[in-house]
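Structural overview
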Amino acid sequence: MKMILAIVQDSDAVQMSNKFMDNDIRATKLSTTGGFLKAGNVTFIIGIEDERVDEVLAIIKSVSKIRRQYLPNPSVLNMPGEIAAPIEVEVKGATVFVLDVDGFYHL
Ligand code: 2BA
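First things first, this report covers the structure right here in the doc. Given the structure is predicted, the values throughout are model-derived calculations rather than measurements. (Residues numbered from 1 in each chain as written. Predicted model: local features only at pLDDT ≥ 70, side-chain atom pairs only at ≥ 80, totals over all residues. Heavy atoms only, no water.)

The helix and strand inventory of the protein chain stands at 2 helices and 6 strands. Projected onto its principal axes, the C-alpha positions of the protein chain cover 60 × 25 × 20 Å. A buried classification covers 27% of the 107 residues belonging to the protein chain. Taking the intrachain contacts of the protein chain between residues at least 6 apart in sequence as the baseline, contacts between residues at least 24 apart amount to 67%. (Helix = DSSP H or I, 4+ residues; strand = E, 2+ residues; numbered from the N terminus. Buried < 20%, exposed > 50% of the residue type's maximum accessible area, 1.4 Å probe, protein only. Contact = heavy atoms within 4.5 Å.)

Given below as structure tokens:
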């Protein structure tokens, strides 16, 4: 068995949750916060048989979208009147970890 931890953007989370349900994939959804942007994202915890990992990854890939976010340029924050281009950050569709599971108990 594997555990998949998938960090996805808020905007894709509902559709992803629905796809997991439709495909009988059990998942737990956590509200999380990215350390860099300090914006909300969603982390799914999925316990799954080894042979279904690719199926889960395919669903995550099909739903999640790469998006661009813009941050104020910190170099001008203390200079009133200065205009500088905001910093562009590309947020990937999903950040996914696949872990081996030593034990699984559903008591
Ligand atoms: P955040 O930490 O808010 O990062 C959002 C986006 O900001 C990142 O997109 C990346 O494009 C940029 N970024 C992050 N740290 C940076 C840095 N030190 N310098 C410059 N740019 C930086 P993604 O890489 O697609 O990450 C999306 C979200 O996935 C992250 O949100 C974080 O919540 C999670 N994540 C990404 N890599 C991770 C990792 N190795 N471990 C745990 N969580 C991770």
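Moving on from the model shown.
Let us now look at the site of the ligand. What surrounds the ligand is the set Ile-7, Gly-34, Gly-35, Phe-36, Leu-37, Asn-41, Val-89, Glu-90, Val-91, Lys-92, Thr-95 and Phe-97. A distance of 2.8 Å separates an oxygen atom of the ligand from a polar atom in the backbone of Phe-36. Separating an oxygen atom of the ligand from a side-chain N or O atom of Asn-41 is a distance of 2.9 Å. Notes on the ligand: free accessible area 750 Å², of which the protein chains cover 52%. Every element with two or more residues in the shell around the ligand is listed here: β5 (87-91) and β6 (94-100). No other element matches the 3 residues that β5 contributes to the shell around the ligand. Split by residue class, the shell around the ligand holds 6 nonpolar, 4 polar and 2 charged. (Near = heavy atom within 4 Å. Polar contact = N/O pair within 3.5 Å; in protein donor to acceptor, adjacent residues only side chain to side chain. Areas by Shrake-Rupley, 256 points an atom, 1.4 Å probe, with all protein chains shown as cover. Nonpolar A, V, L, I, M, F, W, Y, C, P; charged D, E, K, R; others polar.)

A few words on unusual backbone geometry. With a phi angle near 55°, Asp-24 is a residue other than glycine that sits in the positive phi range. Among the secondary structure elements, Asp-24 is positioned in the loop between α1 (10-22) and β2 (27-33). Here Asp-24 falls in the exposed class, since its relative accessible area comes to 57%. We note that Lys-38 has phi near 55°; this positive angle belongs to a residue other than glycine. Counting through the fold element by element, Lys-38 comes out in the loop between β2 and β3 (40-48). Judged by relative accessible area, Lys-38 falls into the exposed class, the value being 63%.

What follows deals with the sheet that holds β3. Reading across the sheet, the 4 strands line up as β2-β3-β1-β6 and stay open at both edges, with antiparallel pairing between neighbours. Whereas interior strands pair on both sides, the edge strands pair on one side only; in this sheet they are β2 and β6. On average, each strand axis in the sheet is inclined to that of its neighbour by 20°, with strand direction left out of account. Relative to β3, β2 runs antiparallel, the two being bridged by 7 bridges. Of the residues in β3, the one forming a bridge with Thr-28 is Ile-45. Where α1 meets the sheet, its contacts fall on β1 (2-9), β2 and β3, and the angle it forms with β3 comes to roughly 20°. (Pairing = 2+ DSSP bridges. Axes fitted to C-alpha atoms, helices over the stretch in contact; angles between N-to-C directions.)

No statement about biological role is implied by the geometric values presented.
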